[in-house]
Every structure is written in structure tokens, then in C-alpha cells.
Amino acid sequence: MSDIRIRIDNKTFALPNAADQRHHAIAELELVVHPHQFVCLVGPSGCGKTTLLNMIAGLDRHYDGRIDMGTAGKNPSIGYVFQNPRLLPWLSVRQNIEVVFQQAPPAALIDSLLDSMQLLDAQHQYPERLSLGMQRRVAIIRAFAIDPDILLMDEPFVSLDAPTARQVRSLLYSLWLKRPHTVLFVTHDLREAIALADRLIFLSPSPMRVISDIEVPIARDRRHDEAFTESFRQQLLQNHPEIGGLL
Amino acid sequence: MPSKESRRNKILAVASIALLLAVWHLLALTLHSPTLPGPALVAATFWRATLSGELPYHLGITLLRLLGSFGVAMLLGCAIGIVLGKNKTLDAFFDNWLVIFLNIPALVTIILCYVWFGLVESAAILAVVINKIPNVIVTIREGARALDKDLLEMAQSYRFGKGKIFKYVIWPQLHPFVMAATRSGLALIWKIILVVELLGRSNGMGYQLHIFFQLFDVASLLAYSFAFVAVIQLMEVGFLKPLDRRSQRWRR
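Just so it is clear, the model here is predicted, and its values are computed rather than measured. (Residues numbered from 1 in each chain as written. Chains lettered and ligands numbered in written order. Predicted model: local features only at pLDDT ≥ 70, side-chain atom pairs only at ≥ 80, totals over all residues. Heavy atoms only, no water.)

Caption draft 1: Structural detail: the interface of chain B and chain A. Contacts between chain B and chain A engage 18 residues on the former and 27 residues on the latter. Both sides of the chain B and chain A interface together cover about 2,200 Å² of buried area, and 57% of this is carbon and sulfur. Summed over the three residues of chain B that lose the most area to chain A, namely Y158, R159 and W250 of chain B, the buried surface amounts to 36% of that side. Ionic pairing is found between E153 of chain B and R86 of chain A, a salt bridge with its closest N-O pair at 3.0 Å. Counting the contacts that link chain B with chain A gives nine residue pairs in polar contact (both at pLDDT 80 or more). Top element by residues in the side of chain B that touches chain A is helix 7 (residues 149-157) of chain B. It accounts for six residues. (Contact = heavy atoms within 4.5 Å. Buried area = accessible area lost by both parts, 1.4 Å probe. Salt bridge = Lys/Arg side-chain N within 4 Å of Asp/Glu carboxyl O. Polar contact = N/O pair within 3.5 Å; in protein donor to acceptor, adjacent residues only side chain to side chain. Helix = DSSP H or I, 4+ residues; strand = E, 2+ residues; numbered from the N terminus.)

Caption draft 2: Main features of the packing of helix 3 (residues 54-86) of chain B against helix 4 (residues 88-103) of chain B. Residues and elements named next belong to chain B. Two elements in contact, helix 3 and helix 4, have axes whose closest approach is 6 Å; the angle formed by their N-to-C orientations is 125°. Judged by the angle between their axes, helix 3 and helix 4 are oblique. Contacts from V83, L84 and K86 of helix 3 reach helix 4 at K88, L90, D91, F94 and L98. Grouping the amino acids of the contact of helix 3 with helix 4 by side-chain chemistry returns five nonpolar, no polar and three charged. (Axes fitted to C-alpha atoms, helices over the stretch in contact; angles between N-to-C directions. Parallel < 35°, antiparallel > 145°, perpendicular 65-115°, else oblique. Nonpolar A, V, L, I, M, F, W, Y, C, P; charged D, E, K, R; others polar.)

Caption draft 3: Local environment of the domain arrangement of chain B. Residues and elements named next belong to chain B. In terms of domains, chain B is made up of domain 1 (1-32) and domain 2 (37-248). Each of domain 1 and domain 2 has a C-alpha centre, and the two are 30 Å apart. Buried surface at the junction of domain 1 and domain 2, summed over both partners, amounts to about 350 Å²; 84% is from carbon and sulfur atoms. The three residues of domain 1 that bury the most area against domain 2 are W24, H25 and A28, which together make up 91% of that side's buried surface. Summed over the shared surface of domain 1 and domain 2, the number is zero salt bridges. The interface formed by domain 1 and domain 2 contains one residue pair in polar contact (both at pLDDT 80 or more). Residue composition of the side of domain 1 that touches domain 2, by class: three nonpolar, one polar and no charged. (Domains from an automatic or database assignment.)

Caption draft 4: Representation of the UniProt feature "transmembrane region" (unreviewed entry) in chain B. UniProt marks residues 66-85, 97-117, 177-199 and 211-235 of chain B with the feature "transmembrane region" (unreviewed entry), using the numbering shown here. The span residues 66-85 of chain B shows a helical share of 100% and a strand share of 0%, and its end C-alpha atoms are spaced 27 Å apart. (UniProt positions renumbered as here; feature names shortened; annotations may be inferred.)

Caption draft 5: Region of the structure containing the sheet that holds strand 9 (residues 210-215) of chain A. Residue and element names in this part refer to chain A. The mixed open sheet is built from six strands, whose spatial order is 5-6-7-3-8-9. The open sheet has two edge strands, strand 5 (78-81) and strand 9, and neither has a second partner. Strand-to-strand, the axes of this sheet are offset by a mean angle of 15°, without reference to chain direction. Alignment of strand 8 (residues 199-203) against strand 9, held across five bridges, turns out to be antiparallel. Of the residues in strand 9, the one forming a bridge with L200 is I214. (Pairing = 2+ DSSP bridges.)

Caption draft 6: Representation of the side chain of R201 of chain B within the structure. Locating R201 of chain B in the fold gives a position in the loop between helix 8 (162-200) and helix 9 (205-215). Among the residues examined, R201 of chain B registers a relative accessible area of 17% and is labelled buried. (Buried < 20%, exposed > 50% of the residue type's maximum accessible area, 1.4 Å probe, protein only.)

Caption draft 7: View of the environment of R159 of chain B. Among the secondary structure elements, R159 of chain B is positioned in the loop between helix 7 and helix 8. For R159 of chain B, a relative accessible area of 28% corresponds to the partly exposed category. Apart from the residues within four sequence positions on either side, R159 of chain B is in contact with A57, N75, P76, I78 and Q102 of chain A.

Caption draft 8: Quick peek at the packing of helix 2 (residues 39-52) of chain B against helix 3 of chain B. Residues and elements named next belong to chain B. For the pair helix 2 and helix 3, interaxial distance at closest approach is 4 Å and the crossing angle is 80°. Relative to helix 3, helix 2 is oriented roughly perpendicular. For the pair helix 2 and helix 3, contact is made by F46, A49, T50 and S52 and by E54, L55 and P56, respectively. For the contact of helix 2 with helix 3, the residue count by class is four nonpolar, two polar and one charged.

Caption draft 9: Fine view of the pattern of salt bridges. What the rule picks out here adds up to 22 salt bridges over all chains. A salt bridge links D213 of chain A to R199 of chain A, with the shortest nitrogen-to-oxygen separation between them at 2.8 Å. With a gap of 14 residues between them, D213 of chain A in strand 9 and R199 of chain A in strand 8 connect regions that are remote in the sequence. Residue classification places D213 of chain A among the partly exposed residues on the basis of a relative accessible area of 41%. The partner of D91 of chain B in a salt bridge is R145 of chain B, and the shortest N-O contact between them spans 2.6 Å.

Caption draft 10: Structural context of helix 1 (residues 49-57) of chain A. Residues and elements named next belong to chain A. With eight of nine residues buried, helix 1 is to be regarded as a mostly interior element. Restricting attention to buried positions, one finds in helix 1 the residues K49, T51, L52, L53, N54, M55, I56 and A57. Immediately beyond the C-terminal end of helix 1, within one or two residues, lies G58, with a positive phi of roughly 85°.

Dropping the structure here:
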């Protein structure tokens, strides 16, 4: 698998209450993502990050531009963790994970993922009986389990309380270290982005374009050290005043 | 606690049926008219008709017609309802047809079917199907319109095939609407089917009721109706209720 090349010249939406007016969502956005890179897309709410992920996932094809996944001839497999968990309520936790496989689901892998997310006891429950935090973890396992070429994550920890978010974040990170994929992770929380990403892409309010593209040089084993990430954040805000206004 | 409550409910059910029978019995005693036979006489008539094989035969014929027309109406109605629910243009186009078909009196379709196609079995089934289909379409269309877009997107991004999307994403969401169409459908069809039989068939419940009417045989009339009600109730308890429970178990 080679680089993912994204080039969106133009993306507009018809506004629901005024058919002749169009919302200009994305303009001249260019982005190249290397394989197995963890990229955080950081930008204000409503700037078009979810739209971009939907376009990459192939859910939205109405745009001018090209998205080249770097997997010539075949559709890349995509794991998508949506902003809401989007589990099928009529299937149990385990069935929700098994259903996304085209072939026979790998039982041992699913067991180990359930175990690492502390969901083994809940695997035969129906999602609506679980807390939101547990549902989000199931959605993350579902995306990880298929061993995707690209993992898309759209603010997967939003509306979780801080300790749960921290716990799920570190679980996610250790999972990713074991099985690295190309990750595009949308967030508007800079601390979260620094704790996770190899690379930060800052995006402007709509029409969305790339403002700055910054590597995060912190070693992987120092990421959980909050003092360290915090000092990087301060430094980042000082050196790049243009991103301060976005957050 | 729940077992105590369910026992109380059972006692209440038995008491209410007993009261109904008692009122009926008293009424029959006081009026003393051949047009209102008492429960004992109706039960005896029922027993005789069952032993002679007459009642089971006509009831069976009617149930066969019911199942046949119900099956056809549900299959076609579900398919058309899903298409209309998902396609706005087709929906806008055929909406007028639906309104017209919904409002044609059942008797008119039955007479027209017999006039156009003759007094044959297929005409009878067709008349019932035409009466039922618009109801199924309207109910299923509502369900198809309300399909969860988030879940469909999830299925699409994980590359579910068409069959898998239908089985795991669409069907479970339509299920309550299908159950609603089934319930209202059975109630509607068995009322229509009696008229269809009365007008143009030489067997079945409707035909028998017609004969009892001409003979003023109220005891047989009541015996046949109770048999029919009992069969419909059995379907509800033995088939629809368990299906409902199975599909509801994931709900909170």
C-alpha cells in the first residue's frame, strides 16, 4: 500500500431550506498521508471534517476532486468509527463485531480485542443495555477487528467523561501500536491530538483548507506523560499563532 | 411478584368470559326467542357440526383462502412499500393511485372481480388481495421512510452486500411495521373473505353463513363465528405473540 492522496477542489452542499444557496464546505484541500501514519485532523466544529471522512469512506461522492487510496485496482478496506457508535441494536456486542466480516470472523482475535477493551463479560449483551462508553469501545473494536487499510475515527471520545475518555484513548493507542494502520483521526481537542498523532493537520473553518501541517516528534512511550505533551502544546501555540484562533 | 400478577390476570380473564356467558344465558332465558339461542345450545350445535366434519371442512377452506391471499398481499405489499418508501419520485407518482385504491369499497372490488373474471377461485383471491395491498403498502412505506440513515452508512462503509444490508440493517427496522400490517391485515382479510365467499363461492364460512341466514339458523351461525374467532385467537397466541417477543428482546 502506498500513500493516500487527497485532492478536493470543491465541495458544496445544497442548504436544506434554500435550494438556490449552497454551503461551501471544502475548497482546494490537498493532503498526502503515508502508510501506517497516525494523522490527527484538528479544526473547529462544523468546518467539514466529518464530510471529508465520509468522502474518504466512499459515503459521499458528490465533489470535485480525487481521492487516491494507493491500493491500485482494489477497494481498500475501511474501518470507520463514527461520532455516534452506530451499532445494530438487534445484534449482541459480539455479533455486531462479527457481522462486518466478509469471511468467517476470527474468533481468537475478537476475543483478545474484547478482552483488551474489558468487554468480554458484556459480549452477549445488546448494545442499548450498555453505557455510551462501552458502546464506543465496541465500535472501536469493530473498526480494528477487520484489520483495515485505513482507519477513520470521527471524534470517537466526544461526550465521554474525562477518565473514561482517557482510558479508552490509551487502550486505542496500545491497540494501534500492536497493529498499526493508517489512521485519520478527527478531533477538536489539541491535547488529545498531541497524545495520539504522528502528525497534526490544522484545518480552517469552512470552506475548509489546510492551515498547517506539523509533525509531532514526541517518542511513543512518552505520550502518556501529560506534562510533556502539555509543554509541547504551549510551544506549538507560541510558534504557530495562526492555529490558536481555531481552537 | 410477576407470577402473582399473571395469576391474577388469568383469574380476571376467566371471570370476564364467565360473566359474558352468564349474561348471554340469562338473556336467552328471559327473551325465550328462537333468534337468540343460549350458550348450551350453541355449544351442542358446534359439537355436532364438528363431528359431522362440516365445520372443519368449511373453516379449513376459508383459512386456506385467508393464508393464500394474505401471503400474496404481504409479499407484494412489502416489496412495493419498500420501493415507494425509498424512492421519492415513484412515491409522489403512485401516491394518488394508493389513495384511490385505499378508498374503493371492498364490495365494489369483489363485484368487479367476479364480473370481469367470473365466479372462480382466482377472482376471489384477487379481490381480497386488491383490498388488502394498499394497507400493507402504506404501513411498510412509513417504515421504509423512517430507516436509520446512520446505520445504512455504517453498512456501506463496511462494504455490506445488498443481501446483508437487507437482512441485518433494513429488515429488523421494518419488522414492527410488518407485524402491524400482519395484525391489521388478518383482521381486515377475514372480514372481506366472508363477503367474497358469500357472493361467489359454493364453500367456505361465508357460503355457510349465507345458508344459515336463509334458514334463520342462529345457533349454527354463532357456532361457526366462535370457531372462527377461536382460530384467529390461536394464531395470535401461537404465532404472532412469540414472533413479537423474539423481535423485541433486544429492546431496553
